[in-house]
Amino acid sequence: MKTEITYLGHIIRVDSGTIEVEVSNDIPSAAPIINGRLYKIGQIGTFIKIPIGNITIYGIVSSVSNTPSKSDEINLKYSFGSRFLTVQLVGEKIGEDDFEKGVGTYPTINDEVHIVIEKDLFDIYGKKDSGSIEIGKHSSSENLSVYADLHKLVLRHCAILGSTGSGKSNTTVSILKAILGDYHGSRVILVDPHGEYGSAFPDAKVLKINEEANPLFIPFWLMSFDELAYFLVGAKPTDDQKPDYRLFRDLVTKLKKENCTHLKSGIVNPDFVTADSPIPFSARKLWFEMNWLLNATFDTANKDDQTKATVREITAGDAETIVPATFTPYPTNNTAPFKSKHIEFYNYEKKILSRLRDSRFDFLFNPGDYKDSSSPKDLHNLLNEWIGSDKKLSILDLSGVPYEVLDITVGLITRFIYDSMFWGRHETYTGKNRPLLLAYEEAHTYLNKNDNNSYSKEAVEKVFKEGRKFGLGALVISQRPSEISETILAQVGTFIALRLTNSGDQSIVKSSAPDNLNSLIDLLPSLRTGEAIIVGEAIKIPSRVRLKLNVPRPTSDDPKLVEKWLEAHPENQENYKVVVTRIRQQKF
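Scope of this entry: the structure provided in the associated data block. Quick caveat, the model's predicted, so the values are computed rather than measured.

**Focus: the pattern of salt bridges**
Then step 1. Using the criterion set out here, one finds 23 salt bridges in the structure.
Then step 2. When the shortest N-O distance is used, the salt bridge between K242 and D239 registers 3.6 Å.
Then step 3. The salt bridge partner of K371 is E320, with a shortest N-O separation of 3.1 Å. In this pair, K371 sits in the loop between α8 (362–365) and α9 (379–387) while E320 sits in the loop between β16 (313–315) and β17 (326–327), placing the two residues 51 residues apart along the sequence.
Then step 4. Residue classification places K371 among the partly exposed residues on the basis of a relative accessible area of 25%.
Then step 5. Linked by salt bridges that have partners in common, K254, E258, K285 and E289 make up one network.

Structure, rendered in structure tokens:
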């Protein structure tokens, strides 16, 4: 009714998803006090309601003006004291039913429009139920909690996006703590390229490369053959027509078949083993056999007869210590012993040797108890360490991973987890019966549009496209959404967008967001730190939300520049020695 204190004005125009409201001149104040609370009329992003019988339609204010948007300026009959609101319709509530997105019954000209008060907001957002988590507080009310549907947030995938310093890390901690605190059977793996999150989750299992207590091992033999060939020798799948590439594949398959019948996780039929099978084998033995074939001398010049039966070997060498075998030197004249004609691996052998001698790759080539088939642990132990322990959150700290292999490392982790969920989808302890969330921090660095980052991108894209069927959800965290794979963003169901100042990044969120509410997305550059626009499937209505500050925090906060620059820093020639040593060793 027009006499109600919440009365705002009436509708003067209706489009398919937008209405225009003329604010009544009879309203005594631009900031009425209702039930002891101050409400400001015409604030961008605030709600209005349109009661039509037992249906209440809700909308969000997108613009404010002193003239109607479709008016003819020559015949303008409105006074300059008039106020007009453009409102985007977002949903409706029928009787005592819950609020629903979308509008079934549209308002018409002269329908009344009212201010949405705190009670109405509680009707929209509802109470927390068994399938939701609290994201934060609504920006317009400190008493109003905003909840997200956990099923849709995880299995329909989500993204946390924001410029540097907008509060991405704090938002990530808020979301994960809400999940872990409320759901005792939850499982989360956080891929942490900079080692920021260990301090924020004291109870989490933190696995870190070169860490003695909880070392992170990622055995190189987990790689598919394409990944292994690219990592070891720089070969690409397009090289498949080359004889040396095919022989390389055959050699890897042979080494895997030698070990498939005595594995700790169970015997594998050799007939089913391929170069892609994740079966342990020795990279040193791979190099050793290549070196042997290239450098051996033989009693015969016929290539097919140049075998171990005709070799002129002096010392056997040792694959594990990377000591090559030695052979009787071949003479320059055409007499025995003859030089080896097995030269197919000439381009590969030295490249593999340089990888093996590079200490930065020890976490791949010397993975502790996962080194080879004779080692005490197998892949089932690795899965139990990552996702089967009593800790609900595992943080994989990749701060010690060389940038050159970050792509393959993330791809390996993702593909291995995906395979475990796919092949275990009907088991009681994993798959559909215990879903898992994979979170990717700094996603733009390894999930970008650059073709060089193909392995991690392909693996993560597969999770986003198919993981839901097997209980696998994903969360990407990034400050540059415009650099992330379009396939990944297209599959994101819920966007948690903090302050974004770059127009390109804003347009990505606008085009990718499931809800067509550009007025809210336009607020991205003006959001406060720790404030986010949340749109998508997991939330009842697109909202502007304040997230609480978490303590302890991730180690991603800015240095205290002013405080540190006010301190005196005396000269010391001993400074930087330890820094240079770390640079040289690539280790902390």
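**Things to note about the sheet that holds strand β24 (residues 543–546)**
Then step 1. Within the open sheet, the 11 strands sit side by side as β11-β10-β24-β23-β22-β12-β21-β20-β13-β19-β14. Their pairing is mixed. The open sheet has two free edges, formed respectively by β11 (145–149) and β14 (205–208), since each of these has just one partner strand. Direction aside, neighbouring strands of the sheet carry axes that sit 25 degrees apart on average.
Then step 2. The pairing of strand β13 (residues 188–192) with strand β19 (residues 393–397) spans 5 bridges and is classified as parallel. Residue pairing across strands places V191 opposite L396, the latter belonging to β19.

**What about unusual backbone geometry?**
Then step 1. Of the consecutive residues A336 and P337, the connecting peptide bond is found in the cis state with omega at -5 degrees.
Then step 2. Following the sequence through the fold, P337 ends up in the loop between β17 and β18 (338–339).
Then step 3. At I322, a residue that is not glycine, the phi angle is positive and equals roughly 55 degrees.
Then step 4. Looking at the element boundaries, I322 is found in the loop between β16 and β17.

**A short note on a nonpolar patch on the surface**
Then step 1. Nonpolar side chains collect at one region of the surface, where Y576, V578, V579, V580 and I583 lie side by side and expose about 480 Å² of accessible area between them.
Then step 2. Topologically, V580 is positioned in helix α16 (residues 577–585).
Then step 3. Look at V580 and you get partly exposed, because its relative accessible area is 32%.

**What about the pairing of strand β10 (residues 132–138)?**
Then step 1. With 5 of 7 residues buried, β10 lies mostly within the body of the structure.
Then step 2. Bridge count for β10 against β11 is 5 bridges, and the pairing is antiparallel. In the sheet register, S132 faces β11, and the bridge partner there is D149.
Then step 3. Adjacent in sequence and paired antiparallel, β10 and β11 are bridged by 6 residues.
Then step 4. Relative to β24, β10 runs antiparallel, the two sharing 2 bridges. When the sheet's bridge partners are listed, H138 is paired in β24 with V545.

How each quantity is defined
Residues numbered from 1 in each chain as written. Predicted model: local features only at pLDDT ≥ 70, side-chain atom pairs only at ≥ 80, totals over all residues. Heavy atoms only, no water. Salt bridge = Lys/Arg side-chain N within 4 Å of Asp/Glu carboxyl O. Helix = DSSP H or I, 4+ residues; strand = E, 2+ residues; numbered from the N terminus. Buried < 20%, exposed > 50% of the residue type's maximum accessible area, 1.4 Å probe, protein only. Pairing = 2+ DSSP bridges. Axes fitted to C-alpha atoms, helices over the stretch in contact; angles between N-to-C directions. Patch = residues over 30% accessible without salt bridge, like charges linked within 9 Å, V, L, I, M, F, W, Y side chains within 5 Å. Areas by Shrake-Rupley, 256 points an atom, 1.4 Å probe, with all protein chains shown as cover.

No statement about biological role is implied by the geometric values presented.
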